[in-house]
Amino acid sequence: SKLIITGDHTYDQAFKTKKDFKKIKSLDKIKVLFITVNLQAQGGTWSKTKRNKMLKILLNNFQNLKDKFQLTIKIHPNNENIIEYQSIIDSIDPSFQVFQKENLFDLLNETDIVLTSSASTAVACALILNKPVIIWNFFDVKGDLFLENEIAVECTDISQISKLISLSLSIDNEKNQNIKTFLQNYFYKQDGLS
């Protein structure tokens with residue numbers, strides 16, 4: 001009798017700023033934000049070697065797509081080393097930008113589509129803000145929450161990313177019933193006052 005369900009305060013800022021976020025707005029190149037997921041800190045089995053391999057494949061692929069897409073990388077604000085990422089980026093193409101401490105919501109506001117390797121808090125914020133999400137399942141993660149609920153597009157072959165971006169951008173996230181149901185089931189109140 002003394003418990004009140006209030007929602008999850010982690011996502012309050014996303015729900016509060018949702019109305020101020022812009023729809024797809026890029027005129028020349030589609031802006032892709034790759035958000036890393038630090039599963040190692042959550043007891044995962046990813047190694048730096050696997051992470052570095054994934055990053056190199058990603059950068060090499062997008063280097064060939066620079067005429068269509070602008071790739072930016074956002075790494076975990078506390079549990080990853082930006083110097084390690086920058087070193088790999090510089091060895092392939094220093095024009096790719098990597099961010100760590102920058103405000104996630106500012107980056108999302110300037111993004112057309114989010115690419116990631118697994119569900120996470122940051123990617124949930126992207127969905128709340130109606131940003132299309134592609135999960136590049138590089139590590140063959142089983143039971144991904146976003147894929148199981150059909151609220152993100154799965155990429156199993158990065159060479160198909162251009163087609164998957166076009167597909168994802170054609171889906172209207174504001175009208176997507178799967179996303180609405182997911183937000184209601186997992187976040188309950190969506191008033192930003194949790």
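Each chain carries its own residue numbering, running from 1 in the direction its sequence is written. In keeping with the predicted nature of the model, local features appear solely for residues at pLDDT of at least 70, side-chain atom pairs appear and are counted solely at 80 or more, and the whole-chain, interface and lining totals rest on all residues. To get the side-chain values, take all heavy atoms of the structure and skip hydrogens and water.

Colleague: Please clarify how the packing of aromatic side chains should be interpreted in this entry.
Modeller: To describe a pair of aromatic rings, one takes the distance between the centres and the angle between the planes. When the centres of two rings from Phe, Tyr and Trp lie within 6.5 Å, Trp using its six-membered ring, the rings pair. Their planes under 30 degrees apart give stacked, over 60 give edge-to-face, and anything left gives tilted. Taken as a whole and assessed by the stated rule, the structure comprises five aromatic pairs. Summarising the aromatic geometry, the rings of F62 and F69 are spaced 6.0 Å apart at their centres and angled 70 degrees between planes, so their arrangement reads as edge-to-face. Assigned by exposure class, F62 and F69 land together as buried. An aromatic cluster of at least three residues, connected via ring pairs, comprises W136, F138 and F139. Positioned over the ring face of Y85 is R51, at 4.8 Å from the centre of the ring. The residue whose ring lies beneath K66 is F96, and the NZ or CZ to ring-centre distance is 5.5 Å. For each residue, the accessible area found with a 1.4 Å probe, counting protein chains only, is set against the maximum for its type, and the residue is called buried under 20%, exposed over 50%, and partly exposed in between. Distance and angle both matter: a charge sits over a ring if NZ of Lys or CZ of Arg is within 6 Å of the ring centre and within 35 degrees of the ring normal.

Colleague: Even after reading the chapter, I still don't get unusual backbone geometry, so can you show me in this structure?
Modeller: What is expected of a backbone is that most residues other than glycine have negative phi and most peptide bonds are trans. Located in the positive-phi region is D140, a residue other than glycine, with phi close to 50 degrees. By the criteria applied, helices consist of DSSP H or I runs no shorter than four residues and strands consist of E runs no shorter than two, each listed in order from the N terminus. Within the secondary structure, D140 sits in the loop between β5 (133-136) and α6 (145-148). Overall, the relative accessible area of 49% leaves D140 in the partly exposed class. In this structure, E150 takes a positive phi of about 55 degrees despite not being glycine. Turning to its location among the elements, E150 is positioned in the loop between α6 and β6 (153-155). On the accessibility criterion, E150 (55% relative accessible area) is exposed.

Colleague: Explain the packing of helix α2 (residues 48-63) against helix α3 (residues 82-92) here, please?
Modeller: In a packed pair of helices, the relevant descriptors are the angle between the two axes and the axis-to-axis distance. For the pair α2 and α3, the least separation of the axes is 10 Å and the interaxial angle reads 40 degrees. Our pair here, α2 against α3, has a crossing hand that is right-handed. Facing α2, whose interface residues are K48, R51, N52, L55, K56, L59, N60 and Q63, α3 presents E84, Y85, I88, I89 and I92. Taken together, the residues of the contact of α2 with α3 break down into six nonpolar, three polar and four charged. For helices, the axis comes from a line fit to the C-alpha atoms of the stretch in contact; other axes are also lines fit to C-alpha atoms, and the angle between any two N-to-C directions lies between 0 and 180 degrees. Two helices that cross are described as forming a left-handed crossing if the nearer one is turned anticlockwise from the farther one by less than a right angle, and a right-handed crossing if clockwise. In what follows, a contact means two residues having at least one pair of non-hydrogen atoms within 4.5 Å. The classification used treats Ala, Val, Leu, Ile, Met, Phe, Trp, Tyr, Cys and Pro as nonpolar, Asp, Glu, Lys and Arg as charged, and all other residues, Gly among them, as polar.

Colleague: Honestly, the side chain of R51 in this entry has me stumped. Any pointers?
Modeller: In this structure, R51 sits in helix α2. A polar side-chain atom of R51 sits 3.1 Å from a polar atom in the side chain of E84. Excluding residues that lie within four positions of it along the chain, R51 makes contacts with E80, E84, Y85 and F139. Here a polar contact is recorded for every N or O atom pair within 3.5 Å, except that within protein the pair must consist of a potential hydrogen donor and a potential acceptor, and residues adjacent in sequence are included only if both atoms are side-chain atoms.

Colleague: Can you walk me through the pairing of strand β1 (residues 30-35) in this structure?
Modeller: Sheet analysis places β1 next to strand β2 (residues 69-74), joined by six bridges and oriented parallel. Residue pairing for β2: V32 is matched across the bridge by L71. Two strands qualify as a pair provided DSSP detects at least 2 bridges between them. Bridge count between β1 and strand β4 (residues 113-116): four bridges; the pairing is parallel. By the bridge assignment for β4, L33 is matched with V114.

Colleague: Any chance you could explain the sheet that holds β1 here in plain terms?
Modeller: The strands making up a sheet are joined through hydrogen bonds of the backbone, oriented either antiparallel or parallel. The six strands lie next to each other as β3-β2-β1-β4-β5-β6, forming an open sheet whose pairing is parallel. Looking along the sheet, the strands with just one partner apiece sit at the ends: β3 (97-99) and β6. On average, each strand axis in the sheet is tilted by 25 degrees relative to the strand beside it, whichever way the strands run. Direction of pairing for β4 relative to β5: parallel, over a ladder of three bridges. Of the residues in β5, the one forming a bridge with T116 is I135. Running over the sheet, helix α5 (residues 121-128) touches β1, β4 and β5 and is turned about 150 degrees from β5.

Colleague: Got a minute to help me understand the pattern of salt bridges in this structure?
Modeller: Should the charged atoms of two oppositely charged side chains come close, the side chains can pair. Between Lys or Arg on one side and Asp or Glu on the other, a salt bridge is scored when a side-chain nitrogen of the former is within 4 Å of a carboxyl oxygen of the latter. Taken as a whole and assessed by the stated rule, the structure comprises four salt bridges. Between K48 and E84 there is a salt bridge whose closest N-O contact spans 2.8 Å. Within this pair, whereas K48 is found in helix α2, its partner E84 is found in helix α3, the two being separated by 36 residues in sequence. The salt bridge partner of E84 is R51, with a shortest N-O separation of 3.1 Å. Of this pair, E84 sits in helix α3 while R51 sits in helix α2, placing them 33 residues apart in sequence. For R51, a relative accessible area of 11% gives the class buried. Salt bridges here are not isolated pairs; linked through shared partners, they connect K48, R51 and E84.

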